[in-house]
Amino acid sequence: MNKSRREFVKKGAVAGAITAAGVSAWLKDQGIKEAGEKVKLLSQDGQLIEVDKAFLKLHAQANSEILAKNTMGREGIPGRKFVMVVDLSKCNNARKCVTACQKMHYLPEDKEWLNVKLMKDNEQSAPYWFPKMCFHCDNPPCVKVCPVDATFKRADGLVLIDNQRCIGCKFCMAACPYSTRVFNWDEPDLSQEVKDLPYSPETSVPSQHGTVEKCDFCPDMVRKGKLPDCVTACPNGVFYFGDEIEDAVTNGDETVRLSELLRDRAGYRFMEDLGTKPRVYYLPPTGRMFPVERGFKDLTEEQKERYKDVNLD
Amino acid sequence: MNFKETTQNLLKELAPTIEKFTWKDWLWTISLSLVILWGMYALYLQIARGHEVTGMRDNVVWGLYVANFIFFIGISYAGAIISGILHLMNLEWRKPIIRIAELITVIATIIGPLYILLCMGRLDRLHYLFIYPRLQSPITWDVIAILTYLVGSVIFLYLTLIRDFSILSTQQLNIGLKRKRIYRFLSLGFKNTSEQKVLLKVSTNIMAIIIIPIAIVVHSVLSWIFGMTLRPGWHSTIFGPYFVLAAVYSGTGVMILAMYFFRRLYGLQRYITKKHFVYLGYIMIMLGAGYGYFTFSEYLTDWYSSEKWNTELIDKLFNWQEYGGLFFFANVAGILLPFIVIGIPKLRTIESITLVSALMVLAMWVKRYLIVVPTLETTLIPMQETRPEYIHYTATWLEWALTFAGIAAFILMFKLASKFIPIIPIWETSESIKKKTSAIDTNVDLKSVTHA
């Protein structure tokens, strides 16, 4: 053992003792008793660590407090590049994604961060259902124009909005070519409980009067190891959510390689020619699971009215 | 007639407007204030209830307010370019009208940006523009450019006022000691020494030069708020120069209108003459030709290349059920009419030039509306929307109230300014008449020259 190594070990041991003593003293301060039972955990950088069970709870609590802080929502989850794939051959406008999203973000019925369009590219081609959310572009026209850094691009690929920063100039809405963003034209109708929720750009809750909001890819769910609600709510497994770096996406039922899926099914990005570089890929509506008419089945009259201009023949 | 005499004459004529606040002035002030109050009530409602009370919704996120913003910044060009360029070209005939031009600039630059504030969902966070600025955003460019422009215009106006302040503080005027003291303070101790004259001349020239590029930057940056987006009708490389030209053009129109009103109101027929209307008319149709050329080029290329969304937009502009009427008016009254009326000598009178200017200014306002609204109604992804207010923008009475309040505030500020400072620059006009009489040895009687 050379000197420096010995030094290092010694220092490490001292530091470890200090930390251990510190943690238990701190736990005592907080009025938490060590459970004595240790749990093995995998840390973020891939190391196996042992933690007291009592500390686990505390950490969960601390985590939500950190989440509530704005700064963390701006940085992104390290080592991830989120991506979504939408399989157009499976969509029958069941609208479960829309309602799940609204429920999760406490949105009123007429506010859709995610909606389903009925597309018909030209006279000859067949109409198809087209779920449209925020594309979280890698070259986002909305972020470019924001004068106060209220909407930003994170390292993990997400484009989020900080509604505590937004001045409501709506320039981002004019700049977004996909009409993704919505505005709170009046005071949102929220219960006191929702209003009191700690705000984070990751949860986008609660909505705020006079600010812009949109689909956020639910990074708060991802942090909990869950899929965004639109993905799990879809009865047909239309949405695949995942990580470009891992090269894997899942719709909850099956997990597939992103590169293979895009290659085999000829995945494309919507309006690629605009140069916005979306993070959402579409799989063309070939070999459809449903006739397009199925999408009208459970719609209200108002919802049917939306699609009246599309020629179904 | 010598310099002193002209100064005395001019003072005599302008004195009543500066000395007394007549019942007519009160009538103007009160009625304009009522319009402004009506706007304030609308503003109160908008703040209390939110932007829900406006016609703006998720697709058409901007409306009348942004059109007004472009319009007011546009007419502010009257002073910057007209008096700036005319000053540098050293044209004598400009002198009686420069004050009007510079006042238009300053007042319009104060009112224009207020409309952007009306568009903001969170007025309480206005200071974020300064504490969290992002240089990438065209809005930040705008904030910097417009503030610089405002400061520059105020300095330019002030520099041309110093001599008049010194005249006002020393001459026999029935205005009370307090106001005289204010004038003396504002004249910065100007006593017409040769050193002071040189200093003032040099600084005015420098400001006249500086204000021109600043003005061009202001409207270019403003156009880029639209030009930098990926929207049909906005995403155009000529938008910078197109906006600049449209701005000077509309500025000239407002200039003629202001000249007409002050001429009538204060009986300035001897100083503001037909020549001024005709010359400005010439400048106007020259600018109109350029503006018309840009307009034609813009729509021709969009129509000919027939890209999907551009075609959709142009179909709306040429459709009588949609924007056809407004588009027709914007181009006929905004381009063609001034040409016919000012171009044909027989039709060229003070009244006809003023009338076409009024129509042109209105047409230019409509043009701004047509830039903002139809594009926002043309989304790249089909709207598939059933709420009519989300599909089609219709301004509510509140937005109109605030629009008229802005116009009223413009006129009121103009009116009040004319009660405090001479609307015709006394010193410069006197000097130009002195020059004329000494240079050309004819009996240039003011009356005979000016009564056209």
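Bear in mind the structure is a predicted one, so any value in this text is a computation, not a measurement.

1. Things to note about the interface of chain B and chain A
So, step 1. At the junction of the two partners, chain B supplies 37 residues and chain A supplies 36 residues.
So, step 2. Ranked by the residues each element gives to the side of chain B that touches chain A, the list is headed by helix H7 (residues 138-159) of chain B, at 3 residues.
So, step 3. Along the lines of polarity and charge, the residues of the side of chain B that touches chain A split into 17 nonpolar, 11 polar and 9 charged.

2. Some thoughts on the sheet that holds strand S12 (residues 255-257) of chain A
All names here are of chain A.
So, step 1. Read across the open sheet, the 5 strands follow the order S12-S11-S10-S3-S13; overall the sheet is mixed. Edge strands, defined here as strands with exactly one partner in the open sheet, are S12 and strand S13 (280-283). Adjacent strand axes in the sheet meet at a mean angle of 25 degrees when their direction is disregarded.

3. Digging into helix H2 (residues 23-49) of chain B
Residues and elements named next belong to chain B.
So, step 1. Taking 1.5 Å of rise per residue, 27 residues should cover 39 Å, and H2 covers 38 Å from first to last C-alpha, within 8% of that figure.
So, step 2. Taken together, the buried positions of H2 are Leu32, Gly39, Ala42 and Gln46.
So, step 3. In this structure, the buried side of H2 is in contact with helix H17 (397-420).
So, step 4. One or two positions beyond H2, positive phi appears at Gly50, with a value near 95 degrees.

4. Examining unusual backbone geometry
Residue and element names in this part refer to chain A.
So, step 1. For the bond from Val205 to Pro206, the omega torsion is 0 degrees, close enough to zero to count as cis.
So, step 2. With respect to the helices and strands, Pro206 occurs in the loop between helix H7 (192-195) and strand S9 (212-213).
So, step 3. One non-glycine residue, Asn93, adopts positive backbone phi at about 55 degrees.
So, step 4. When you line up the elements, Asn93 lands in the loop between strand S3 (82-87) and helix H4 (96-104).
So, step 5. Residue Cys218 is not a glycine yet carries a positive backbone phi of 45 degrees.
So, step 6. Within the secondary structure layout, Cys218 lies in the loop between S9 and helix H8 (219-223).

5. Digging into the environment of Leu355 of chain B
So, step 1. Tracing the chain through its elements places Leu355 of chain B in helix H15 (residues 350-377).
So, step 2. Along the backbone, Leu355 of chain B and Pro241 of chain B are 114 residues apart, and their C-alpha atoms lie at a distance of 27 Å.

6. A closer look at the pairing of strand S1 (residues 38-42) of chain A
All names here are of chain A.
So, step 1. Little of S1 is tucked away, with 0 of its 5 residues classed as buried.
So, step 2. Pairing analysis gives 5 bridges linking S1 to strand S2 (residues 48-52), with the strands arranged antiparallel. Looking at S2, one finds that Leu41 is bridged to Ile49.

7. Thoughts on the environment of Phe171 of chain A
So, step 1. Looking at the element boundaries, Phe171 of chain A is found in helix H6 (residues 171-175).
So, step 2. A tally of 25 C-beta atoms within 10 Å means that Phe171 of chain A is categorised as buried.
So, step 3. In this structure the C-alpha to C-alpha distance between Phe171 of chain A and Val212 of chain A, which are 41 residues apart in sequence, comes to 9.9 Å.
So, step 4. Phe171 of chain A has contacts with Val145 and Cys146 of chain A together with Ile139 of chain B, leaving out every residue within four places of it along the chain.

Calculation rules
- Residues numbered from 1 in each chain as written.
- Chains lettered and ligands numbered in written order.
- Predicted model: local features only at pLDDT ≥ 70, side-chain atom pairs only at ≥ 80, totals over all residues.
- Contact = placed C-beta atoms within 7 Å.
- Helix = DSSP H or I, 4+ residues; strand = E, 2+ residues; numbered from the N terminus.
- Nonpolar A, V, L, I, M, F, W, Y, C, P; charged D, E, K, R; others polar.
- Pairing = 2+ DSSP bridges.
- Axes fitted to C-alpha atoms, helices over the stretch in contact; angles between N-to-C directions.
- Expected span 1.5 Å × (residues − 1).
- Buried ≥ 20, exposed ≤ 12 C-beta atoms within 10 Å, placed from the backbone.

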